[in-house]
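Next come the chains, spelled out residue by residue.
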Amino acid sequence: MIANKLNIHLFLILFCFQLGTAQELTENKKSINTQLKDSLTEKKVIPLIKKDTMTSDTTKVSKEVIKNIITHNAEDYTLQNAKNKTITLYNKAYIKYGDIDLKAGKITIDYKKNTVYATGIKDNTKTKYIQRPVFKQGNYETQQDSILFNFKTKKALVYGVKNKYGEMITYGKKMKRVNDSTIYMSNLKFTTSKKTNPDYYISTKKAKLIPNKKIIVGGSQLYIADVPTPVYLPFAYFPLTKKRSSGFLIPSWGENNNQGFFLQNGGYYFAINDYFDLKVTGDIYSNGSWGLNTESNYVVRYKYSGRLSFRYQNLTNSLVGFDDYSKATNYNISWSHSQDSKSNPNSRLSASVNLGSSKFYRQSINEIDQSQYLTNTLTSSINYYRKFVGTPFNMNVSMTHSQNSNTGEINMTLPSLTVNMDRIYPFKGKGGVKRNAFQKIGVNYNMRGEYRINTNDDEFFSSKMFNTARTGIQHNISANTNVKAFKYFTLSPNLNYRDVWYFDKIEKHYSPNIVNNNGSLGTVVNDTISGFKRFNEYNVGVTLSTTVYGTFNFKKGRIKAIRHTLIPNISWGYRPDFSKKHNIEIQRSSNPNDILTYSPFENGIYGTPSSGLSNSIGISLNNVVEAKVKEKDINSEKEYKRVTILNNFNLSTSYNFAADSLRWSNVNFSAGIPIVKNKLNLNVNGYLDPYQVTQKGVRINKFNKNILSLRQISLTTNYSISSADLKKKSKNSQTENQDNNNPPDILGTKINPTNGFASRATNNNKSSKKDIKLYHANIPWSINLGYSISYYNNGYSIDEIQNHTLDFSGNIELSPKWKIGFRSGYDIKAGAFSYTTLNFSRDLDSWRFNFNWIPFGNRTSYHFFIGVKSSLLSDLKWDKTKPPDKRLF
């Protein structure tokens, strides 16, 4: 290697001698010797700079030689030819010239022509072509079979080139680089597949490339797995910019029985700037129906982001003259907005808006997510929250919207203002100490004001919806404290005050000249009178509570102890009758003794003053049963674990001393029962009625013969299980036996994560290792089950199970790239399946496949999609949708 380095520098001396004078050679001799010394330990650096022979004081770079320093290296050898002025580098050759890096198996430098020629080499077996040249200049990088590059003109001729521009990968048989901004290629294949043999590619005979901008090609054809397809383009344009770019969106096509043939989701995408974009698409149908869709996404990093969309559909069903001919116009507006939590922790704006025509999701024929058909209520909310730092106050301004898609009824608050005061302790001691009941007195304040609108679909977004708008402001103040009583009890007094303000009131009077609903003269007329009106009320109460523990110990078995926790609660409440001083009496008919009593606050959004004296005692009892069980796993850090047997079994009722009859209220009950390690919980709730009911449905002041009569009960449970759960169980079940304290799984048996045949094959010594690995392949899956049943008995006419359903959903991964999902249910009472959907998806590496199917019901439909993953070629797809058809019977 040292000899090679000496030869290189001798070559340089001869080269400089031929180009310069002897005096110049003497002047540069010291620097050459210094470089010779350094080159013994470093890569070779060749200063190919020539001084102008016409002057001795100034140095000029000749236009005919290489201008920059060339750094090069090779693993096997470096061969120079002084006569032809060439240097050849072999095996892992490397050259750096300015911003140009070149790696190859073999590189030849020609100083006469100012060129570099790089190729790969064959391996030891002479069968494989390895170390293909890799050319890099700045961010531009290519891999090729061979390359000829001119340092002076920076032109290049490349064979067998592979380029990567962002997501786009190109393979060209021949490439000619004219300059930094223009490259011509022939026999080009381009794709987004990263495989050595691409899944697909588009082939063209000639193309023009402008790096980091675009590719313009002539006639091109799509190949899938090297098989030509009928897809042919006379010309094509592919943007290569790193930023988003505007462009056309190719529509999908299809047909249905009502609108005929259609094109959907075709339009244009506007990449306006880095902060927001706009997508405008349209739908057109052969029977005259059409639709318009707009969608915009916006984002400001570290501040907020959101999405806004508007959809409008003008639908014509069937044809003029047919019985099922109809026309409908529907629209939908959706908006979602979220604020980055880091932008301002004391101020937050969020929005989730979904409003429009009540029948939009039921009549829409361009809805991929068919589950929206089940939506009965459209809800919206826009919230602004503000925390006033240094004070206990915070404010929330919101606008809400609730729309029933069955009835078309719409309720809105535009807006609602809420001011809250966190609990303060005005009588606390120094340093915030709260030792006695007086110091523990806490005060809360809440103010809420609303402008509420009740309207319907027909009057929505019209001036009529404001005619029945209602307003009001409500103030709530509460104070409470607690004190220990009789050592084991906690006594908690409380006081609540409410003040309600209205800006109009109801006035009623009898009019003898107006026809009533029965067709006769005389009726009561309601008038709304503007003006400020208020009422206030209060109530006081006290609660006595404690906690009782009962423990049962066991000497044998895994169960160490069972603990029963009881939390009894007795409360007393008193509230005067506030309605008497506000109620007004008027004549209701022509009979002067027929009196109507009404409240001027009847139309108020916060109700009317409480009527009737209330002096009641409330009784409640909460039960929790837990067990202390020894751990099965001997490696566990804990010897015992706590298991909940009965979770929050609540009983509650009340007795009103001030009532003249029916003093006992219903007995309400609820309970939660965990069954399988917190994965299966049984929830029960309902109520019992102590009084009898007449045949007309009127409760009378007589107790039931059985003391309490069950009026309503509902039971719900959910269970989820997956292959991951069973995998954990199988590890634990290998070393344990079943006993009375270790009941079987909810499905009845201990389930092995592999199938039965696989287990038998594992125990067979003759099975090969290949078979064992095959049968022990773990297929991830999950199943979610939901069961609900409700019973209702009103005591005289209804005594039945009102709801009885079983819901199930899940997914299974047949392979890392194959996924199947399902969702359905069965109405046991009706004896029919509920809304059912099946989803199939396949990751095809550079492609993706989705198939969503509703196999039966009045929404029978499917959506099929297969297309390229890359956004660069996202229009290379097949999108097929079959919307639901109307049924004639």
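It should be noted that the structure appears before, not after, this text.
Every chain is numbered on its own, with residues counted from 1 as its sequence reads. For this predicted model, a pLDDT threshold of at least 70 governs which residues receive local features, and a threshold of 80 or more governs which side-chain atom pairs are given and counted, while totals over whole chains, interfaces and linings are taken from all residues. For side-chain calculations, the full set of non-hydrogen atoms in the structure is used, while hydrogens and water are omitted.

**Student:** Which residues make up the overall build of the chain, and what values do they have?
**Tutor:** Counting from the N terminus, the helices are the DSSP runs of H or I reaching at least four residues and the strands are the DSSP runs of E reaching at least two. Along the chain, the regular secondary structure elements total 6 helices and 54 strands. Within the chain, the proportion of its 889 residues that are buried is 34%. For this analysis, residues touch if any pair of their heavy atoms sits within 4.5 Å. Look at the contacts in the chain between residues 6 or more apart in sequence, and 49% of them connect residues 24 or more apart. Every accessible area reported is derived by Shrake-Rupley at a probe size of 1.4 Å, with residue values counting cover from the shown protein chains alone. Summing over all exposed atoms, the chain offers an accessible surface of approximately 53300 Å²; the carbon and sulfur share of this is 55%. The rule is simple: take the accessible area with a 1.4 Å probe, protein chains only, and divide by the maximum for that residue type; under 20% is buried, over 50% is exposed, in between is partly exposed.

**Student:** Go over the pattern of salt bridges, please, and point to the residues and values.
**Tutor:** Just to be clear on terms, a salt bridge is a Lys or Arg side-chain nitrogen sitting within 4 Å of an Asp or Glu carboxyl oxygen. All told, the structure shown has 21 salt bridges when counted by the stated rule. Among the salt bridges present, the one from E626 reaches R563, with a minimum N-O distance of 3.1 Å. Taken together, the residues span a long stretch of sequence, with E626 in strand 40 (residues 614–630) and R563 in strand 37 (residues 559–575) at a distance of 63 residues. Accessibility expressed as a relative area gives 12% for E626, which makes it buried. For R711, the salt bridge goes to D689, with nearest N and O atoms at 3.4 Å. Residue R711 is found in strand 46 (residues 709–722), and its partner D689 is found in strand 43 (residues 680–689); the two are separated by 22 residues along the sequence.

**Student:** Lay out the nonpolar core in plain terms, naming residues and giving numbers.
**Tutor:** Grouped together as the largest cluster of nonpolar side chains are 44 residues, with contacts concentrated most on I107 and F238. Apart from residues lying up to four places away in sequence, F238 is in contact with M168, F190, I202, K213, K214, I215, V217 and L873. Only buried Ala, Val, Leu, Ile, Met, Phe, Trp, Tyr and Cys residues count toward a nonpolar core, and they belong to the same one when joined by side-chain atoms within 4.5 Å. Among the nonpolar cores identified, the runner-up in size contains 9 residues, and I410, I453, F460 and A469 belong to it.

**Student:** Break down the environment of T241 for me, citing the residues and quoting the values.
**Tutor:** Inspection of the secondary structure puts T241 in the loop between strand 19 (236–239) and strand 20 (247–249). Taking C-alpha positions, T241 is 8.8 Å from P211, a pair spaced 30 residues apart along the chain. If we ignore the near neighbours within four places in the chain, the residues touching T241 are N212 and K213.

**Student:** Provide a residue-level description of the packing of aromatic side chains, including the pertinent values.
**Tutor:** A pair of aromatic rings is counted whenever rings of Phe, Tyr or Trp (Trp by its six-membered ring) have centres within 6.5 Å, and the orientation is called stacked for planes under 30 degrees apart, edge-to-face for over 60 and tilted otherwise. For the structure on display, the rule yields 30 aromatic pairs. Considering the side-chain rings of W501 and F532, the 5.8 Å spacing of their centres and the 75° angle between planes classify their relative orientation as edge-to-face. Here the residue W501 occupies a position in strand 34 (residues 489–515), and F532 occupies one in strand 35 (residues 521–545), the gap between them amounting to 31 residues. A relative accessible area of 30% places W501 in the partly exposed class. Given a relative accessible area of 49%, F532 falls into the partly exposed group. In textbook terms, an aromatic cluster arises when at least three aromatic residues are bridged by ring pairs, as seen for W818, F840, F849, F851, W853, Y862, F864 and W878. In our convention, an over-ring charge means Lys NZ or Arg CZ found within 6 Å of a ring centre and within 35 degrees of that ring's normal. Across the ring face of Y201, the terminal group of K189 is positioned such that the distance to the ring centre comes to 4.6 Å. One cation-aromatic arrangement involves K434 over Y425; the distance from NZ or CZ to the ring centre is 4.6 Å.

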